[in-house]
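The primary structure of each chain is shown beneath.
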Amino acid sequence: MAWLLLAHLGAALLGPFLVRAMGRDAFYLLALAPAATALWTASQDPHALASDPLIGSVPWIPAFGVELSWRLDVLSWVLLLIVSGIGTLVLAYCARYFKDTEPGLGRFAAVLTAFAGAMVGLVVADDVVVLYTFWELTTIFSFLLIGHYSDKQASRRAAMNALLSTTAGGLAMLAGLLMLASRAGTMSLAGIVASPMWSDGGPFLLTALLLVLAGATSKSALVPTHFWLPGAMAAPTPVSAYLHAAAMVKAGIYLILRLGPVIALAPAASWTVAVLGAATMLVGGWRALRQWDIKLLLAYGTVSQLGFMAAIAAIGTRGAALAALALLIAHSLFKAPLFMVVGAIDKKFGSRDLRCLNRTWRQAPVLAVIGVLSAASMAGLPPLLGFVTKEAVLTALWEGGTGHRALALALVAGSILTVAYAWRFVVGAFGPGSAEPPAARPRITPGFWGPPALIALGTLALPLLAGPLETLLHGYADTVPDDGAVVHLALVPHVGIPLLLSGIAIAGGALLALGARPMAALQHAVSPQTRGGALEEWLDAEKSFRRLLRATDRAAVAVTGVVQRGSLPYTLGTMFMVLIVLMVPVAARIGALPDNLVPFFSPAEVGILVIAVLGSIGAARSRRRLRAIMLVTVTGFCSALLFLMWGAPDVATTQVLVETILTVVMVLVLRRLPLHFSRRPLKSDQWLRWSIAIGTAVVLCSVALVAAGARVDEPFGPGLIETAYTIGGGHNVVNVALVDARVWDTMGEISVLLVVATGVASLIFVTRREQRIARVKDIERPQPVWRRPDAAALPENVLAFDVRPSSADGNRWRTWLSAGLTLAPERRMVILEVITRLVFPLMMLFSIYLLMAGHNDPGGGFAGGLVAGLALTLRYLAGGRYELSEAAPVQAGLVLGTGMGIAVLTGLVPVALGGGVFDSYVATVHLPVLGEKHVASALVFDVGVYLVVIGVVLDFLRSLGSQIDRQQEAELDAR
């Protein structure tokens, strides 16, 4: 079934291009994806699916047992046929509903097609995570479709209401599904339903089931979340006909039916949904009778019918399951055509106000027939499918216990309202009104009435096939516990109480329709909107929802003002305090530290630890920023010594190099910061900070010790020693692991370095990312850089000089560095220039050595790149920004991009050679002096890492060094 989803995905991606090329006729091509799904579904034998469901799966996240699994049984077969069949006709209907000039039509076509694919995935998904994924995809797509008219506030508000309401329910559903999956030991929804855990019951399962049903009720717009569905009528009518009649709102009913075999085992959950469903049916029907907009009338009618379906589906008995699934089919077949008819009326007659429409049946007789037929089925009039299914519902309830009969009476009251608002729709849409009929008969093409007519035919045809339909639906109903009730789908019902209740519903609805004016007066008299005040605020669901959002916003502002003050110490302190508070109960439960704890292996460790502690305390107490940075560096070097003592020279080398380069970077940053930290005169503030710091240290150390002592498996490290040589071709296990076994981790790390370098440079280079590299040879008569503010007091012979002196006395101006003369004389350090001149080539050679030797000895591309970066740093510190340009006359971005490109190609080239991504190869070469050597392809990847690290350091030196130099020099000139 994966090809069904891929077909919808491909059609959605092509949608904007097809609309651009073909206009609205592109919807006919897009309809081929759901049409193919409908044909494939129809070709499956539902009777065979009842005993042998079609099952398939593809591993997705094996570590968590998540699979792209699907299951096609009778229930999903029915829903898939509805979703794809009506989706095909709705897309065809769009081809005539919209104009070619409709703004955003391409996006709308893509989203609607993608929504159809998401519904396909939802009804066939078996894994709970996959089910939730498609569930939320339908939420997102519905948000985009409802908000199609983004220039209208009503559309934006309706889209947001729908998104927040259904997303909140979806998160509750996810929590419930994961709880059930954890208890059942399987992520399969079918496996959860079939699990023997339900025989035990208990509060855990009840809570999980209620959470799942919370998602179902919010998706199907049951009270108290019913308000979002009428607001969603701000969407184009095809959206209402598909999402809010036949597809998305059915997802909640589908989930209730899917849990049907177990929902009766939790009476609290079953009756909660049943009561909510009955209340929704009454509220929706009551509100429908007050609507003048025929689309809103149908919207509240949909709310009412969803409550009807949820109430019977939640009963969880064999007869109720049969009746609920039949009612779901009937609702899809009469409600989708009704919305399409309203869309045609709106487009052709320019109004949806039932007071303004006047005898439209004369101008559009075909639409009138479709509308009257569908409304009669909605009202439950014989011999239509709505009557057959409603009779089955009342039979299933009446043959149950006392509670079921009470529910039946509530649903009869809702059915009375249904008959009344169905009549109100028919008379308002097609009967006499106050407006004058149009002088010319509007042209309504078959493209407008054809799709609703095809759907409405099912309302007429299926009652004649009630027997075969009942047999088919038993494939699902037989999976639900049998309570002894005998329920049939029959065109000619059995004479009894259910038939009498149907007659009462029809007669009561007729009386309400005849007494429309007294009923309207009664509704006006008892309506909270008439009274106004607090009563209206609390009883209006949408206003209550908006009030809740405003309260949430106010609470968020208040909390943000308390915990987010823009102070880094305050933010860190809050985080650390939360960490301490969370770990206290965990520590109390764990108790003592592991018995195999060894304090230290060598007395030298204690000395190093004392130095590190003193350094950290000194850094915390220091008021000078530079002193604090140097003391922090001491703690880093102490860590490197510990790594070295524990036999990790690679890690120790990297630690030393990283600490050194970070110290340089922080010192460069200090040039734009005050010399001292701000004072903290309050003793209580100091004690609080020390308490948080010490508490955090104790917590982190304890976690590390407990985690280390909780090992139950053998360490993985020893197994890498032999593997590093036999597979990776190197003796240095650390380096082989980084560039071979865990190459994806390293790839991610250098990508992070690339992002960090870009971010730092973007903060400094306000105007342009890449600055022109100024070389010494490009300078005519420069002003020396880094001149002192009091330079005017210096002798002229000290200040005036030329970096390119005449040949006559040029020797006396020669310097140890290429750009030494660009520095102001008072800023030069000749000893540092001499040291740099001697050490720089050695450092670069050493960096190359580390790069080449890293596969077998301590080193590697990361360490080599850091050494090369430190060499460039030394050139910059000794000779300034022009010296840095002489040492590296290339853009940092070029070096970064080259290194990243080499790393990526290292992973792709093996694929071109028939291997896998980042596969390693080892070649043996014979060198004249060195003899036989083994060269691994991972060395090329290490070269990429080497260049990325150099590019990062160069970027830091250019942004935090050279660019800040220019800024400070400009500030001095301004003075």
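### Re the overall build of the protein
Link 1 in the chain: From N to C terminus, the protein includes 41 helices and four strands.
Link 2 in the chain: Counting the 975 residues in the protein, one finds 49% classified as buried.
Link 3 in the chain: Considering only residue pairs separated by 6 or more positions, the protein has 77% of its internal contacts joining residues 24 or more positions apart.
Link 4 in the chain: For the protein, the exposed surface amounts to about 45400 Å²; the carbon and sulfur share of it is 68%.

### Some points on a nonpolar patch on the surface
Link 1 in the chain: On the surface, a cluster of nonpolar side chains totalling about 560 Å² of accessible area is made up of Val 904, Leu 905, Leu 908, Val 909, Leu 913 and Tyr 921.
Link 2 in the chain: Mapped onto the elements, Leu 908 comes out in helix H40 (residues 892–912).
Link 3 in the chain: Taking relative accessible area as the criterion, Leu 908 reaches 47% and is therefore assigned partly exposed.

### Topic: the confidence of the model for the protein
In low-pLDDT segments, the atomic positions of the prediction should not be examined closely.
Link 1 in the chain: Confidence in the prediction for the protein averages 86 pLDDT; 89% of positions are at 70 or higher.
Link 2 in the chain: Here residues 801–813 scores under 50 on pLDDT; set against residues more than four positions off or in separate chains, the count is 17 contacts.

### Digging into the pattern of salt bridges
Link 1 in the chain: Applying the stated rule across the entire model yields eight salt bridges.
Link 2 in the chain: One salt bridge in this structure joins Asp 346 and Arg 352, with 3.3 Å as the shortest N-O distance.
Link 3 in the chain: Its relative accessible area of 23% is what places Arg 352 among the partly exposed residues.
Link 4 in the chain: The partner of Glu 883 in a salt bridge is Arg 875, and the shortest N-O contact between them spans 2.6 Å.
Link 5 in the chain: When its relative accessible area of 11% is taken as the criterion, Arg 875 is described as buried.
Link 6 in the chain: Look at the salt bridges and you will find they share partners, linking Arg 71, Asp 73 and Arg 258 into a network.

### Here's the deal with helix H31 (residues 625–645)
Since the α-helix turns once every 3.6 residues, residues separated by three or four places project in the same direction.
Link 1 in the chain: The end-to-end C-alpha distance of H31, which contains 21 residues, comes to 31 Å, matching closely the 30 Å that a straight helix rising 1.5 Å per residue would cover.
Link 2 in the chain: Taken together, the buried positions of H31 are Arg 625, Ala 628, Ile 629, Thr 633, Gly 636, Cys 638, Ala 640 and Leu 642.
Link 3 in the chain: On its buried face, H31 is in contact with helix H30 (603–621) and helix H32 (649–670).
Link 4 in the chain: Note on H31: the residue one or two positions beyond its end, Gly 647, has a positive phi of about 80 degrees.

### Topic: the nonpolar core
For soluble globular proteins, the rule of thumb is that nonpolar side chains tend to be buried together.
Link 1 in the chain: Counting 201 residues, the largest nonpolar core has Tyr 242, Ile 312, Phe 425 and Leu 473 as its most contacted members.
Link 2 in the chain: When residues of this core are assigned to their parent elements, the largest contribution, 22 residues, is made by helix H17 (residues 318–349).
Link 3 in the chain: Contacts of Ile 312, omitting those with residues within four sequence positions, involve Ala 320, Ala 323, Ala 324, Leu 327, Val 393, Ala 396 and Leu 397.
Link 4 in the chain: Membership of the second largest hydrophobic core comes to 46 residues, among which are Ala 871, Ala 938, Val 949 and Phe 956.

### A look at the packing of aromatic side chains
Link 1 in the chain: Tallied over the entire structure, the rule returns eleven aromatic pairs.
Link 2 in the chain: Looking at Arg 424, its charged tip hangs above the ring of Trp 292, at a distance of 4.8 Å from the centre.

### Considering unusual backbone geometry
Link 1 in the chain: Note that the residue after Val 223, namely Pro 224, is joined by a cis bond; omega there is 10 degrees.
Link 2 in the chain: Position of Pro 224 among the secondary structure elements: in the loop between helix H10 (203–219) and helix H11 (228–231).
Link 3 in the chain: For the bond running from Pro 382 to Pro 383, omega is 5 degrees, close enough to zero to count as cis.
Link 4 in the chain: Assignment of secondary structure puts Pro 383 in the loop between helix H19 (365–379) and helix H20 (385–398).
Link 5 in the chain: If you check the backbone angles, Arg 359 has positive phi at about 50 degrees while not being a glycine.
Link 6 in the chain: For Arg 359, the location among the structural elements is in the loop between H17 and helix H18 (360–363).

### Concerning a positive patch on the surface
Link 1 in the chain: Together, Lys 99, Lys 347, Lys 348 and Arg 443 give the surface a local cluster of positive charge.
Link 2 in the chain: On the secondary structure map, Lys 99 appears in the loop between helix H5 (74–97) and helix H6 (105–124).
Link 3 in the chain: A relative accessible area of 57% means that Lys 99 is categorised as exposed.

### What to know about H5
Link 1 in the chain: For H5, with 24 residues, the first-to-last C-alpha span of 34 Å sits near the 34 Å given by 1.5 Å per residue.
Link 2 in the chain: Summarising burial for H5: 22 of the 24 residues are buried, a large majority.
Link 3 in the chain: Residue Asp 73 occupies the N-cap position of H5, its side-chain oxygen lying 3.4 Å from the main-chain nitrogen of Leu 75.

### Here's the deal with the packing of helix H8 (residues 153–184) against helix H28 (residues 541–563)
Link 1 in the chain: Viewed as axis vectors pointing N to C, H8 and H28 meet at an angle of 75 degrees, and their least axial separation amounts to 12 Å. When the axis of H8 is compared with that of H28, the two are roughly perpendicular. Taking contact as the criterion, the partners of Arg 157, Asn 161, Leu 164 and Ser 165 in H8 are, on H28, Glu 542, Phe 545, Arg 546 and Leu 549.
Link 2 in the chain: For the contact of H8 with H28, a count of residues per class yields three nonpolar, two polar and three charged.

### As for the environment of Gly 23
Link 1 in the chain: In this fold, Gly 23 is placed in the loop between helix H1 (2–22) and helix H2 (26–30).
Link 2 in the chain: The spacing of Gly 23 and Thr 101 is 78 residues in sequence and 8.3 Å in space, taken between C-alpha atoms.
Link 3 in the chain: Apart from the residues lying within four places of it in its own chain, the contact partners of Gly 23 are Leu 18 and Asp 100.

Calculation criteria
Residues numbered from 1 in each chain as written. Predicted model: local features only at pLDDT ≥ 70, side-chain atom pairs only at ≥ 80, totals over all residues. Heavy atoms only, no water. Helix = DSSP H or I, 4+ residues; strand = E, 2+ residues; numbered from the N terminus. Buried < 20%, exposed > 50% of the residue type's maximum accessible area, 1.4 Å probe, protein only. Contact = heavy atoms within 4.5 Å. Areas by Shrake-Rupley, 256 points an atom, 1.4 Å probe, with all protein chains shown as cover. Patch = residues over 30% accessible without salt bridge, like charges linked within 9 Å, V, L, I, M, F, W, Y side chains within 5 Å. Salt bridge = Lys/Arg side-chain N within 4 Å of Asp/Glu carboxyl O. pLDDT = per-residue confidence, 0-100. Expected span 1.5 Å × (residues − 1). Core = buried A, V, L, I, M, F, W, Y, C linked by side-chain atoms within 4.5 Å. Phe/Tyr/Trp six-rings, centres within 6.5 Å; stacked < 30°, edge-to-face > 60°. Lys NZ or Arg CZ within 6 Å of the ring centre and 35° of its normal. Lys, Arg positive; Asp, Glu negative; His and termini not counted. Charge placed at Lys NZ, Arg CZ, Asp CG, Glu CD. Polar contact = N/O pair within 3.5 Å; in protein donor to acceptor, adjacent residues only side chain to side chain. Axes fitted to C-alpha atoms, helices over the stretch in contact; angles between N-to-C directions. Parallel < 35°, antiparallel > 145°, perpendicular 65-115°, else oblique. Nonpolar A, V, L, I, M, F, W, Y, C, P; charged D, E, K, R; others polar.

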